[in-house]
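Each chain is listed here by its residues.
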Amino acid sequence: MLQAVAERLKRCLRSSDTLARGEVAAAGDTVARLGGDEFIVLLTDMARGEDAAKVARRILEALADPFRLDEQEVFITGSLGISVFPHDGEDADTLLKNADTAMYHAKDAGRNGYQFYSGSMNAAAFQRLSMENNLRRALERDEFLLHFQPQVDVATGAIVGAEALVRWRHPELGLVSPADFIPLAEETGLILPIGEWVLRRACVQARAWQDAGYPPLHMAVNISGRQFRQQLLVRSVEQAVAAAGYDPRRLELEITESVLMRSAEETVRTLRHLKEMGSRISVDDFGTGYSSLNYLTRFPIDALKIDQSFVRDITTDPADAAITTAVIAMAAGLKLEVIAEGVETPEQVAFLRRQGCHLMQGYHFSRPVPAEEFEKLLQAKAGAPRLSQATG
Ligand code: C2E
Ligand code: MG
Ligand code: MG
């Protein structure tokens, strides 16, 4: 029995590694039997202590299948205690002692479960788990929606584009910001179906506005790191535009600088495919990643989005003003478009205009709003002259 359990532990450790950390198995993970019916599992290199809960759940699942010993089916359960370095102890003795205490709590709590030594870790693990389960169901339950933020050409006042920004209408928490769930979606892989939904929805909306007779718009969609690196991105973009009957040349994909930089060769290949379809590529949060400026000439990029962290203080901080001015000049030299994000005040608008940046996005013009409200913005502009070809 002990040997069979040891085998299962080893097996579920190996496969759980990638689940828990989204990386290759760490070399230092160990299973050992201390004595009696107690095993120790040592996980190294965890991103977060709470992630040990994932491994714990897999172990419990692995033990739940009956064992066959001499034609006998045997059912067992396990109780796990978890201690986390350095939170619960800085040396092996303390960590083992605290894991042991936690294990007795797990037994007291009804067996077949796991407990962290620290209560706060228990709460964090529970919260993550319930968040993850909710996120998993959110697509089926149709809880995502898109808000749209106008991109304005200040030279003409025309709305030349819209950035689609996803929101999650959580049953209890209300509207959850992407900053709070995109990282979890990335880690769990849920970003792939969510990202696909966003692409499709954004294209359908853009096409609807086109059919309603509004001047042509770019629709900008954010692509996360994991989405960008998956093989199927080009396919899902193709399918989204085809299903919506939307012109791919009006679709703009926003990819952050740090994602672009991660693997230059693959990046070039993926970008080429997207360009072949005619879609535009913009570099989101430009200036916040570790820039190697030489990629700007090697990657087929259309536009740079100056990050709001620079724009915020352009009128008060000479360093941010200098960086912004340099980015605008560089973009002009490289024949790239440049758009400033997070523009909130008339002073920022004036400064950016003086430097030659005419495309802007930010609360000064509008917050991201639901589709119906965006349409009202389009209607308000409908009388204004249409000189939006600047971004053509
Ligand atoms: P981002 O693409 O850089 O989007 C700009 C963010 O700045 C948005 O936050 C927007 O609401 C906010 N913003 C716009 N104007 C202003 C302003 O004047 N002042 C200030 N303080 N903020 C402004 P949001 O919607 O919370 O999105 C945050 C990030 O989440 C986005 O940053 C993007 O990286 C990510 N995200 C949003 N939607 C999606 C999506 O559909 N897919 C993926 N992969 N990521 C998304
Ligand atoms: Mg963006
Ligand atoms: Mg940005």
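All values reported here derive from a predicted model rather than from experimental measurement. (Residues numbered from 1 in each chain as written. Chains lettered and ligands numbered in written order. Predicted model: local features only at pLDDT ≥ 70, side-chain atom pairs only at ≥ 80, totals over all residues. Heavy atoms only, no water.)

The next thing to look at is the coordination of the magnesium ion (ligand 2). Ligation of the magnesium ion (ligand 2) by protein atoms is provided by Glu163 (OE), Asn222 (OD1), Glu254 (OE) and Asp284 (OD), these donors lying 2.0 to 2.2 Å from the ion. Between consecutive donors of the magnesium ion (ligand 2), the numbers of intervening residues give the motif E-x58-N-x31-E-x29-D. By relative accessible area, glutamate 163 is classed as buried at 3%. (Donors = N, O, S within 2.8 Å, 3.2 Å for Na, K, Ca; no water. Buried < 20%, exposed > 50% of the residue type's maximum accessible area, 1.4 Å probe, protein only.)

One can read the domain layout of the protein as domain 1 (2-118) and domain 2 (131-382). The straight-line distance from the C-alpha centre of domain 1 to that of domain 2 is 42 Å. (Domains from an automatic or database assignment.)

Next up on the list: unusual backbone geometry. For residues besides glycine, phi is generally negative; the peptide bonds are generally trans as well. Of the consecutive residues phenylalanine 85 and proline 86, the connecting peptide bond is found in the cis state with omega at -5°. Relative to the helices and strands, proline 86 resides in the loop between strand S5 (79-82) and helix H3 (92-108). At asparagine 112, a position not held by glycine, the phi torsion is positive, near 50°. You can see asparagine 112 is positioned in the loop between H3 and strand S6 (113-116). The class of asparagine 112 is partly exposed, set by a relative accessible area of 42%. Backbone geometry places aspartate 285, a non-glycine residue, at a positive phi of 55°. Owing to a relative accessible area of 25%, aspartate 285 belongs among the partly exposed residues under this scheme. (Helix = DSSP H or I, 4+ residues; strand = E, 2+ residues; numbered from the N terminus.)

Right, let's get into the coordination of the magnesium ion (ligand 3). At the metal site, the magnesium ion (ligand 3) is ligated by Asp284 (OD), Asp285 (OD) and Glu341 (OE), and these contacts range over 2.1 to 2.3 Å. Counting the intervening residues between successive donors of the magnesium ion (ligand 3) yields the motif D-D-x55-E. The metal-metal distance between the magnesium ion (ligand 3) and the magnesium ion (ligand 2) is 4.2 Å, with aspartate 284 serving as a donor to both. Of this pair, aspartate 285 sits in strand S12 (residues 280-286) while glutamate 341 sits in the loop between strand S14 (337-340) and helix H14 (346-355); the two residues are 56 residues apart in sequence, bridging distant segments of the chain.

Moving on, we come to the pairing of S12. A large share of S12 lies buried, amounting to six of its seven residues. Taken together, the five bridges between strand S11 (residues 251-256) and S12 define a ladder with parallel strand orientation. Counted as the bridge partner of glutamate 252 is arginine 280 from S12. Bridge count for S12 against strand S13 (residues 303-306) is three bridges, and the pairing is parallel. By the bridge assignment for S13, serine 282 is matched with alanine 303. (Pairing = 2+ DSSP bridges.)

In total, this model carries nine aromatic pairs according to the counting rule given. With a centroid separation of 5.1 Å and an interplanar angle of 75°, the aromatic rings of phenylalanine 148 and tryptophan 209 are classed as edge-to-face. Separated by 61 residues along the polypeptide, phenylalanine 148 in strand S7 (residues 144-153) and tryptophan 209 in helix H6 (residues 191-211) bring together distant segments of the chain. Classification of phenylalanine 148 as buried rests on a relative accessible area of 2%. Considering the side-chain rings of tyrosine 295 and phenylalanine 299, the 5.2 Å spacing of their centres and the 45° angle between planes classify their relative orientation as tilted. In terms of burial, tyrosine 295 and phenylalanine 299 fall into one category: buried. By way of ring pairs, the aromatic residues Phe144, Trp168, Phe181 and Trp197 are connected into one cluster. In this arrangement the basic side chain of arginine 8 is found over the ring face of phenylalanine 67, its NZ or CZ atom lying 3.6 Å from the centre. (Phe/Tyr/Trp six-rings, centres within 6.5 Å; stacked < 30°, edge-to-face > 60°. Lys NZ or Arg CZ within 6 Å of the ring centre and 35° of its normal.)

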